[in-house]
Amino acid sequence: QVHLVESGGGLVQPGGSLRLSCAASGSIFSINDMGWYRQAPGKQRELVATITSGGRPNYADSVKGRLTISRDNAKNTVSLQMNSLKPEDTAVYFCYANINTRYYAMDYWGKGTLVTVSS
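Note that the structure is predicted; figures quoted are calculated from it, not measured.

Rules of the game
Each chain carries its own residue numbering, running from 1 in the written order of its sequence. Owing to the predicted nature of the model, reporting of local features is limited to residues with pLDDT of at least 70; listing and counting of side-chain atom pairs is limited to 80 or more, with chain, interface and lining totals taken over all residues. Working from all heavy atoms in the structure, the side-chain values ignore hydrogens and water. Pairing of aromatic rings covers Phe, Tyr and Trp, the last through its six-membered ring, and needs centres within 6.5 Å; plane angles under 30 degrees mean stacked, over 60 mean edge-to-face, and all others mean tilted. By the criteria applied, helices consist of DSSP H or I runs no shorter than four residues and strands consist of E runs no shorter than two, each listed in order from the N terminus. Accessibility here uses a 1.4 Å probe with only protein chains present; expressed as a share of the type maximum, an area under 20% marks a residue as buried, one over 50% as exposed, and anything in between as partly exposed. When the NZ atom of lysine or the CZ atom of arginine is within 6 Å of a ring's centre and also within 35 degrees of its normal, the charge is said to sit over that ring. In the sections that follow, a salt bridge refers to a side-chain nitrogen of Lys or Arg positioned within 4 Å of a carboxyl oxygen of Asp or Glu. Two strands form a pair only when DSSP identifies at least two bridges running between them.

### Observations concerning the packing of aromatic side chains
Within the structure shown, the criterion is met by three aromatic pairs. Look at Y37 and Y96: their rings are 5.8 Å apart centre to centre, the planes differ by 70 degrees, and that puts the pair in the edge-to-face class. In this pair, Y37 sits in strand β4 (residues 30-39) while Y96 sits in strand β9 (residues 91-100), placing the two residues 59 residues apart along the sequence. Of the residues examined, Y96 reaches a relative accessible area of 12% and is grouped as buried. Ring geometry for Y96 and W109: centres 5.2 Å apart, planes at 50 degrees, overall tilted. Of the two residues, Y96 sits in strand β9 while W109 sits in strand β10 (residues 105-109), which places them 13 residues apart along the sequence. Ring pairing ties together the aromatic residues Y37, Y96 and W109, which thus form one cluster. Between R45 and the ring centre of F94, over which it is positioned, the NZ or CZ distance is 3.7 Å. In this arrangement the basic side chain of R45 is found over the ring face of W109, its NZ or CZ atom lying 4.8 Å from the centre.

Structure follows, in structure tokens:
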């Protein structure tokens, strides 16, 4: 089994910063893409940022220049540094990873961590 566990969510004022982290554990042979998605109340889940195993990032237009994704392949972790946060960034943030086990590759998701941007 594979598990993804997020941490770092919380309440922050507009213009503030937060750092989300996610650790993958379990029967992992290797990890392909990792990333973050978010789901705001009443909206569909959307891409925030992804990063390849080689470290190439991809961002949603709405977060470019404010959010930075990074990963540590040795520790099977992915992080999201969020700066200049806006109220519209309020959402549950989900960690994602495409993981190779011994026999197959599969998408895995964390349970989510809530980020609230409000004064």
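We are not done yet, so read on.
### Some thoughts on the pattern of salt bridges
This model, assessed by the stated rule, comprises four salt bridges. For the salt bridge of R38 with E46, the shortest nitrogen-to-oxygen distance reads 2.7 Å. You can call E46 partly exposed: its relative accessible area is 37%. Residue K64 is joined to D61 by a salt bridge in which the shortest nitrogen-to-oxygen separation is 3.1 Å. Neither K64 nor D61 differs from the other in exposure class; each is exposed. Via salt bridges that share partners, R38, E46, R66 and D89 belong to a single interconnected network.

### A short note on the pairing of strand β5 (residues 46-51)
Bridging between β4 and β5 involves five bridges; their strand directions are antiparallel. Across the sheet, residue Y37 finds its bridge partner in β5, namely L47. Where β4 folds back on β5, the antiparallel hairpin that results is connected by six residues, among which G42 adopts a positive phi of roughly 75 degrees. As judged from the three bridges shared by β5 and strand β6 (residues 57-59), these two strands associate in the antiparallel manner. The residue bridging I51 from the neighbouring strand is P57, located in β6. Hairpin remark: β5 followed by β6, antiparallel, with five residues in the connecting loop; positive phi at G55, about 95 degrees.

So, to be careful, I would describe these as geometric facts and stop short of saying anything about function.
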